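Given next are the chains, with one letter for each unit.
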Amino acid sequence: MGAQDSREISDQGKGPGHVAIIMDGNGRWAQARGKPRLFGHHAGAKRVREIVEACPDLGVKYLTIFAFSTENWKRTQAEVSGLMLLFRRYIQKEARDLFERGVRVRFIGDRIKLDSKLVDLMDELELMTSENDRVHLTIALNYGGRDEVARAARRLAHDVALGHILPQEVNEETLPKYLDTYVLPDPDLVIRTSGEARISNFLLWQSAYAEYEFIDTLWPDFSSEIFAGIINNFGKRTRRFGAVAI
Ligand code: FPP
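Below is a short write-up of the structure. (Residues numbered from 1 in each chain as written. Predicted model: local features only at pLDDT ≥ 70, side-chain atom pairs only at ≥ 80, totals over all residues. Heavy atoms only, no water.)

### Details of the pairing of strand β5 (residues 189-192)
Across the two faces of β5 the burial is the same, with L189 and I191 and V190 and R192 all buried. Relative to strand β6 (residues 211-214), β5 is paired through 4 bridges, and the arrangement is parallel. Across the sheet, residue R192 finds its bridge partner in β6, namely F214. (Buried < 20%, exposed > 50% of the residue type's maximum accessible area, 1.4 Å probe, protein only. Helix = DSSP H or I, 4+ residues; strand = E, 2+ residues; numbered from the N terminus. Pairing = 2+ DSSP bridges.)

Written out as structure tokens, the structure reads:
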């Protein structure tokens, strides 16, 4: 393998075009201040704007954030409804600013369990920002990686039954077309805040070759400076995608 080939497979020095973030630690951040957990979620929501704004200068074209998982319904009724209200208010408050900053917003996850008022706001924001291309922000809401793959398999099975696709045509290229993320590139880097080193059902298929960064900072303390430091470190990594770099 020549030097040219090894550059192609290593990606060294290249920034992560797609960063996915598991925003964890809001509850502990609030509890450390003697406040209710929702106080931490509100502080966490404020951080989202700063991180989205930092993306263009850092060369991050795609940012995908985990806002609510399929498992998060197990939290108390008060926390779940507080979060749902926060998402609605967030969209209402931030829509214009996101639009004006050239952010294209998408939502992934199963909308079936979400309140119809929230789903309407999500649809409107997606439509309103659909021509934007500066940063692609994807918000995972009622999202679970296994649930996504199961939903994809169901739709795929349906298409097979209808004869739209043959069983022998189901492969690594065709299956992802049925995932919620079908228009997005795979994440290059997945960051999780708050010191937990697990991926909690986030982008399971898509992150097969992602780099991971687990940091102790709680999400409401995650600043654009910390983000820039992580992006900078990523450029020093050698990605081999299963091959051997020379
Ligand atoms: C995890 O912290 C965080 C969540 C389950 C919710 C994430 C939501 C936000 C950051 C707020 C808003 C986002 C948008 C897009 C408006 P945790 O509650 O698990 O914290 P803990 O582990 O300390 O308890």
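So much for the structure itself; the text now carries on.
### Section: the nonpolar core
V19, I21, L63, L137, F222 and F227 are the most contacted members of the largest nonpolar core, which has 45 residues in total. A per-element tally of this core places helix α4 (residues 77-100) first, with 9 residues. Apart from residues lying up to four places away in sequence, F222 is in contact with I21, R47, I51, I191, T193, I215, T217, F227 and I230. (Core = buried A, V, L, I, M, F, W, Y, C linked by side-chain atoms within 4.5 Å. Contact = heavy atoms within 4.5 Å.)

### Notes on the sheet that holds β5
In spatial order, the strands read β3-β4-β2-β1-β5-β6; together these 6 strands make up an open sheet with parallel pairing. The open sheet terminates on both sides in strands that have one partner only, identified here as β3 (103-108) and β6. Taken over all neighbouring pairs, the strand axes of this sheet differ in orientation by 20 degrees on average, direction set aside. Pairing of strand β1 (residues 18-22) with β5, which is carried by 4 bridges, proceeds in the parallel orientation. Bridge pairing links A20 to V190 in β5. Where helix α5 (residues 116-128) meets the sheet, it contacts β3 and β4 (135-143), and its direction lies at approximately 145 degrees from that of β3. (Axes fitted to C-alpha atoms, helices over the stretch in contact; angles between N-to-C directions.)

### A word on the packing of helix α3 (residues 37-58) against helix α7 (residues 224-234)
Two quantities define a packed helix pair, namely the angle between the helix axes and the distance between the axes. Closest axis-to-axis distance for the α3/α7 pair is 10 Å, and the angle between their directions is 40 degrees. Accordingly, the angle class assigned to the pair α3 and α7 is oblique. The two elements α3 and α7 cross, and the hand of that crossing is right-handed. Contacts between α3 and α7 involve E50, I51, A54, C55 and L58 on the former and, on the latter, S224, E225, F227, A228 and I231. In the contact of α3 with α7, the residues fall into 7 nonpolar, 1 polar and 2 charged. (Parallel < 35°, antiparallel > 145°, perpendicular 65-115°, else oblique. Left-handed = near helix turned anticlockwise from the far one by under 90°. Nonpolar A, V, L, I, M, F, W, Y, C, P; charged D, E, K, R; others polar.)

### Notes on the pairing of β4
Within β4, 9 of the 9 residues are buried, leaving the element largely enclosed by the surrounding structure. Where strand β2 (residues 62-69) and β4 come together, 7 bridges link them in parallel fashion. Bridging from a neighbouring strand, F66 pairs with A140 of β4. The sheet contact formed by β3 and β4 spans 6 bridges and is parallel. Each residue of the ladder has a partner; that of I108, found in β4, is A140.

### Notes on α4
The end-to-end C-alpha distance of α4 is 35 Å, a good match for the 34 Å that 24 residues give at a rise of 1.5 Å each. Maximal helix bending in α4 amounts to about 50 degrees, located at E94. Positioned one or two residues after α4, G102 has a phi angle of 75 degrees, which is positive. (Expected span 1.5 Å × (residues − 1). Bend = angle between axes of the 7 residues up to and from the residue.)

### With respect to the site of the ligand
Contacts to the ligand come from 18 residues, most closely from D24, G27, R28, R37 and R75. Between the ligand and the protein, one listed contact pairs an oxygen atom with a side-chain N or O atom of D24 at 3.0 Å. Take R28: an N or O atom from its main chain is 2.7 Å from an oxygen atom of the ligand. Surface burial for the ligand is 92%, taken as the share of its 620 Å² of free accessible area covered by protein chains. In this structure, the ligand is accommodated by the largest pocket. (Near = heavy atom within 4 Å. Polar contact = N/O pair within 3.5 Å; in protein donor to acceptor, adjacent residues only side chain to side chain. Areas by Shrake-Rupley, 256 points an atom, 1.4 Å probe, with all protein chains shown as cover. 1 Å grid on protein atoms, 1.4 Å probe; cavity = no way out; pocket = protein on both sides within 12 Å on 5 of 7 lines; lining within 4 Å. Sits in = over half its atoms within 2 Å of the grid points.)

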